[in-house]
Amino acid sequence: MKPVVMSFVAGVFGTLLCAPTSAITPIPEVAETVMKDIARELQEGEHKGITGGMVSIGAQTVFEAYASGYNAERKHDIRSATKSITALLVGDLVADGKLKSVKTRLSKLLPDEFAHMEKKDPRRDITIEDALTMRTGLACHDWVPASLGHEDKMYKTRDWAAFLLSQPMAYERGEHFSYCTGGVVLLGRVIEKLSGKPVPEFAEERLFGPLGISGARWEKTPKGHTDTGGHLRLTLRDLHTLGLLVQAGGVWNGEQIIDPKWLREATSEQTSVYERRERYGYLWWRDGGEVKGKDVTLLYAHGNGGNFIFIVPELELVAAFTGKNYGKNTQFIPNQLVARRMIPALIN
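Attention here is on the structure that accompanies the text. Not measured: the values here are computed from a predicted model.

Examining the pairing of strand β1 (residues 50-57)
Logical step 1: Of all eight residues in β1, eight are buried; the element is thus mostly enclosed.
Logical step 2: With seven bridges connecting them, β1 and strand β12 (residues 317-323) associate as antiparallel partners. Bridged to G52 within β12 is T322.
Logical step 3: In the sheet, β1 pairs with strand β2 (residues 60-66) via six bridges, with the strands oriented antiparallel. Paired with S56 across the two strands is T61, which belongs to β2.
Logical step 4: Here β1 folds back onto β2, and the loop between the two strands holds two residues, one of which, G58, carries a positive phi near 65 degrees.

A look at the packing of aromatic side chains
Logical step 1: Per the counting criterion, the structure on display carries 16 aromatic pairs.
Logical step 2: Judged by centre distance (5.2 Å) and plane angle (75 degrees), the rings of F177 and Y280 are edge-to-face. One end of the pair, F177, is in the loop between α6 (160-164) and α7 (181-195); the other, Y280, is in strand β8 (residues 276-280), with 103 residues separating them in the sequence. Each member of the pair F177 and Y280 is classed as buried.

Details of the state of the cysteines
Logical step 1: Throughout the structure, instances matching the rule amount to one disulfide.
Logical step 2: At a sulfur-sulfur separation of 2.2 Å, the disulfide partner of C140 is C180. Handedness of the C140-C180 disulfide follows from its S-S torsion of about 95 degrees: it is right-handed. Note that C140 is positioned in the loop between α4 (128-132) and α5 (151-154) and C180 in the loop between α6 and α7, a separation of 40 residues in sequence.
Logical step 3: Residue classification places C140 among the buried positions, given a relative accessible area of 2%.
Logical step 4: The exposure class of C180 is buried, given its relative accessible area of 2%.

Observations regarding the packing of helix α8 (residues 199-211) against helix α9 (residues 236-247)
Logical step 1: For the pair α8 and α9, the least separation of the axes is 10 Å and the interaxial angle reads 105 degrees. Taken together, the axes of α8 and α9 are roughly perpendicular relative to one another. Across the interface between the two elements, L207, F208 and L211 from α8 touch T241, L242 and L245 from α9.
Logical step 2: Here the residues of the contact of α8 with α9 are counted per class, giving five nonpolar, one polar and no charged.

So, the nonpolar core
Logical step 1: If you look at the biggest cluster of nonpolar residues, it comprises 105 residues, and the most contacted ones within it are F63, I128, L207, F208, L242 and L317.
Logical step 2: Counting residues per element, this core draws most heavily on helix α11 (residues 333-347), at eight residues.
Logical step 3: Not counting residues within four places of it along the chain, the set of residues in contact with F208 comprises I85, A203, I213, A216, W218, L232, L234 and L242.

Quick word on the pairing of β12
Logical step 1: For β12, the buried fraction is high: seven of the seven residues fall into the buried class.
Logical step 2: What you see with β12 is no split at all: L317, A319, F321 and G323 on one side and V318, A320 and T322 on the other are buried throughout.
Logical step 3: As defined by bridge partners, strand β11 (residues 307-312) adjoins β12 across five bridges and the pair is classed as antiparallel. Across the sheet, I311 pairs through a bridge with V318, a residue of β12.

So, how was this worked out
Residues numbered from 1 in each chain as written. Predicted model: local features only at pLDDT ≥ 70, side-chain atom pairs only at ≥ 80, totals over all residues. Heavy atoms only, no water. Buried < 20%, exposed > 50% of the residue type's maximum accessible area, 1.4 Å probe, protein only. Helix = DSSP H or I, 4+ residues; strand = E, 2+ residues; numbered from the N terminus. Pairing = 2+ DSSP bridges. Phe/Tyr/Trp six-rings, centres within 6.5 Å; stacked < 30°, edge-to-face > 60°. Disulfide = S-S within 2.5 Å. Axes fitted to C-alpha atoms, helices over the stretch in contact; angles between N-to-C directions. Parallel < 35°, antiparallel > 145°, perpendicular 65-115°, else oblique. Contact = heavy atoms within 4.5 Å. Nonpolar A, V, L, I, M, F, W, Y, C, P; charged D, E, K, R; others polar. Core = buried A, V, L, I, M, F, W, Y, C linked by side-chain atoms within 4.5 Å.

Right under this line is the structure:
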């Protein structure tokens, strides 16, 4: 299957996208060369396991490239990048007034899931915000295989929520970042409960439909709920479109799809991450710093294997990647392409 690379036009950009338009400014020649090189490298398979990449500046496509065997129609298991999309759906509940506050306790919204606990059990105090920021305090850490609540152990059970809520408290609630997919699975049940609809239907109505994203495939838990912590299948273009939405402040074709206040909160630093320089918002990652004297912010969604959505607001840069380097350090090749090559070249 022949890979696709969108051509560069007049030294500037390719296809016009549907996000709000901004002035089209030619990028520096050195940046154009870097972009062409990266597109070629992806197409020729030089970055093993990275299956595609799509980049835009403003509302204009710079390139769209696929490794051999992949194309624009191919849907990818985006793993934990699903979590960042779940955060957008929670934002819709807040905008609708169906979720009054992220300080709301999960036990209030999901009483059946907490029914086995005594009234003074500290797990009853876990909030929506705790799940959004990975600070539930439960003995669950997906980066530590020996963790009691590790996601691989959860997947072997019939009731994922019951498994998570059977774990003891290991930290003070709201104080310690501990990456836990199970908490995001609970958010899926909240979305179902407050919207009155299955997650895929709610996502289609409020997010994917307005963006023109079709055929999104969600996985189900053994109990028939939606897996909102991972395994959503989307195309590379779908990921890129979601990045454009975030870059545009939640606006698409003149319509406010996601509340801008929620987007600011979701992509702002909400918690530090132990022994890492990155910060965490509401299921969105945040990095950045000074590059060639310019302060830049790197917002991103990350899924195991090399599945990413990157947004650099100061440069109006949106980049999406798909990959299959599951559990390998090479899954972070897209980070390097954006941070070490694209951003410096655009600031040049």
